[in-house]
Amino acid sequence: MDFDFSAVVDSWQYLAGGLGLTILLSVLTVALSLIFGIAVALGRMYGPRWVSIPLVFYIDSMRAVPVLVVLIWIYFALPIVTGVNLPPFWAALVALTFHICAYVAEIVRAGITSVRAGQTQAGLVLGMSEAQVMRKIVLPQALIRMLPSLGSIVSITIKDTAIAAVIAVPELMKRTETVSGQSFRPMEAFTVAMVVYFVILFPTTRAIDLIYKNIAYRGRS
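Residues numbered from 1 in each chain as written. Predicted model: local features only at pLDDT ≥ 70, side-chain atom pairs only at ≥ 80, totals over all residues. Heavy atoms only, no water.

How do you make sense of a nonpolar patch on the surface when you look at a structure like this?
Together, Met194, Val195, Phe198, Val199 and Phe202 give the surface a local cluster of nonpolar side chains, amounting to about 520 Å² of exposed area. Relative to the helices and strands, Phe202 resides in helix H9 (residues 186-215). We classify Phe202 as partly exposed; its relative accessible area is 44%. (Patch = residues over 30% accessible without salt bridge, like charges linked within 9 Å, V, L, I, M, F, W, Y side chains within 5 Å. Areas by Shrake-Rupley, 256 points an atom, 1.4 Å probe, with all protein chains shown as cover. Salt bridge = Lys/Arg side-chain N within 4 Å of Asp/Glu carboxyl O. Helix = DSSP H or I, 4+ residues; strand = E, 2+ residues; numbered from the N terminus. Buried < 20%, exposed > 50% of the residue type's maximum accessible area, 1.4 Å probe, protein only.)

As C-alpha cells, then:
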C-alpha cells in the first residue's frame, strides 16, 4: 500500500484549527474539573449529611456511566427535559467536566485522607481554624501527593475530547474524519492524528512526572 500524505499536508491549517479547539476544550475541562472536584470532595467529606449523600451518588454514578453516554444525553436529551439547548462545544465541555469532576473528587478525597490526622490536630491546638488547617497544612501536602493521578486525568481528558466529534464539535478528530472522507486517505489522516495526540500527551505526562519527582519530598509527612 502506498502512503500519500499530500491531502493531509494541504489541509494542515484546517487540522491545526481543530487541534486548537481540542486544546481549548481540554484546558477548560481540566480547570473546571479541578475547581468543582475539590469542592465536591470537601462537600462529601465535611458537609452535612444532606449534602454528602447526593455527592456520593453523583460520584459513583458518573464512574458507572460511560462518558459518551453523558455527552449524548446532555446534547440530545437535556433540551427535551429542560428546554436548554447547548451548542456542541458547550455541551461537550459540560459533559466532560461533569464526568471528569467525579474522578477528580475521588483523587482529592484520597489525597486529603492520606495526610495524617495528627497534623490537623496540631494545627487546631495552635489556634488555627479548620479552614486554615485545610488551606495551609492539609491541601498543600495533599495536592503534591495527588499530582501523578491528576497527571493521568489531564491525559485522559485530552483523549476524551475526541468523542466530541460525535456531536459535530469541529475538534481534531472531527476534522480528521472530514479530511479522511474527502481525500479517501483514512490511513494517512488518522496516522497523523495519532502522532499529534502522542506529541501532545507524551511530553505532558513526562513533564508532570518530572515535576512530581522534584517536589515529592514536600508532600511527605
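Structure shown, so let's carry the discussion forward.
Sorry, what's going on with the pattern of salt bridges here?
A complete count under the given rule lists 6 salt bridges for this structure. Residue Asp60 is joined to Arg63 by a salt bridge in which the shortest nitrogen-to-oxygen separation is 3.2 Å. Highlighted residues: Asp60 and Arg63, both in helix H3 (residues 49-64), separated by 3 residues, approximately one helical turn. A residue is classified by how much of its surface remains accessible, and Arg63, at 39% relative accessible area, is partly exposed. In this structure, Arg206 engages Asp209 in a salt bridge whose closest nitrogen and oxygen atoms are separated by 2.9 Å. Separated by 3 residues within a single helix, Arg206 and Asp209 lie in helix H9, roughly one turn from each other. You can call Arg206 partly exposed: its relative accessible area is 44%. Judged by its relative accessible area of 33%, Asp209 is partly exposed. Connected through shared salt-bridge partners, Arg44, Asp60, Arg63, Glu106 and Arg109 make up one network.

Would you take a moment to explain the packing of helix H5 (residues 88-113) against helix H7 (residues 130-160) for this structure?
Packed helix pairs are specified by the crossing angle of their axes together with the interaxial distance, meaning the distance between the axes. It is the contact of H5 with H7, at a shortest axis distance of 8 Å, that shows an interaxial angle of 145°. You can see that H5 and H7 cross each other, and the crossing is right-handed. Of the residues in H7, those touching H5 at Leu96, Ile100, Tyr103, Val104, Ile107, Val108, Gly111 and Ile112 are Met134, Val138, Leu139, Ala142, Met146, Ser149, Leu150, Ile153, Ile156, Thr157 and Asp160. Looking at the contact of H5 with H7 residue by residue, the class counts come to 15 nonpolar, 3 polar and 1 charged. (Axes fitted to C-alpha atoms, helices over the stretch in contact; angles between N-to-C directions. Left-handed = near helix turned anticlockwise from the far one by under 90°. Contact = heavy atoms within 4.5 Å. Nonpolar A, V, L, I, M, F, W, Y, C, P; charged D, E, K, R; others polar.)

Help me understand the packing of aromatic side chains, please; the structure alone is not making it clear to me.
Aromatic ring pairs are reported here in terms of the distance separating the ring centres and the angle at which the planes meet. This structure, assessed with the given rule, holds 4 aromatic pairs. On the numbers, 5.4 Å between centres and 90° between planes, the contact of Phe89 with Trp90 is edge-to-face. By relative accessible area, Phe89 is classed as buried at 15%. For the ring pair Phe198 and Phe202, a centre distance of 5.2 Å and an interplane angle of 20° mean the geometry is stacked. Linking Phe198 with Phe202, this pair stays in helix H9, spanning 4 residues, or about one helical turn. On the basis of relative accessible area, Phe198 is assigned to the exposed category, the value being 51%. Against the face of Tyr14 rests Arg175, its NZ or CZ located 4.8 Å from the ring centre. (Phe/Tyr/Trp six-rings, centres within 6.5 Å; stacked < 30°, edge-to-face > 60°. Lys NZ or Arg CZ within 6 Å of the ring centre and 35° of its normal.)

Quick question: what am I supposed to make of the side chain of Thr176 here?
Among the structural elements, Thr176 can be located in helix H8 (residues 172-183). Accessibility expressed as a relative area gives 2% for Thr176, which makes it buried. Those residues in contact with Thr176 that sit more than four places away from it in its chain are Leu15, Ala189, Phe190 and Ala193.

What is the right way to look at the side chain of Glu171 in this model?
For Glu171, the position within the fold is in the loop between H7 and H8. Comment: no salt bridge for buried Glu171; closest opposite-charge side chain is Lys174, at 7.8 Å. There is a polar contact of 3.0 Å between the side chain of Glu171 and the backbone nitrogen of Met173. With residues up to four places along the chain from it excluded, the contact list for Glu171 reads Gly18, Leu21, Thr22, Thr161, Ala162, Ala164, Ala165 and Tyr197. (Lys, Arg positive; Asp, Glu negative; His and termini not counted. Polar contact = N/O pair within 3.5 Å; in protein donor to acceptor, adjacent residues only side chain to side chain.)

Is there a simple way to think about the confidence of the model for the protein chain in this case?
Parts of the prediction with low pLDDT should not have their coordinates interpreted in detail. Of the residues in the protein chain, 99% reach a pLDDT of 70 or more, and the chain-wide mean stands at 91. For the protein chain, helix H6 (residues 117-125) is the element with the lowest average pLDDT, namely 84, and H5 is the one with the highest, namely 95. (pLDDT = per-residue confidence, 0-100.)

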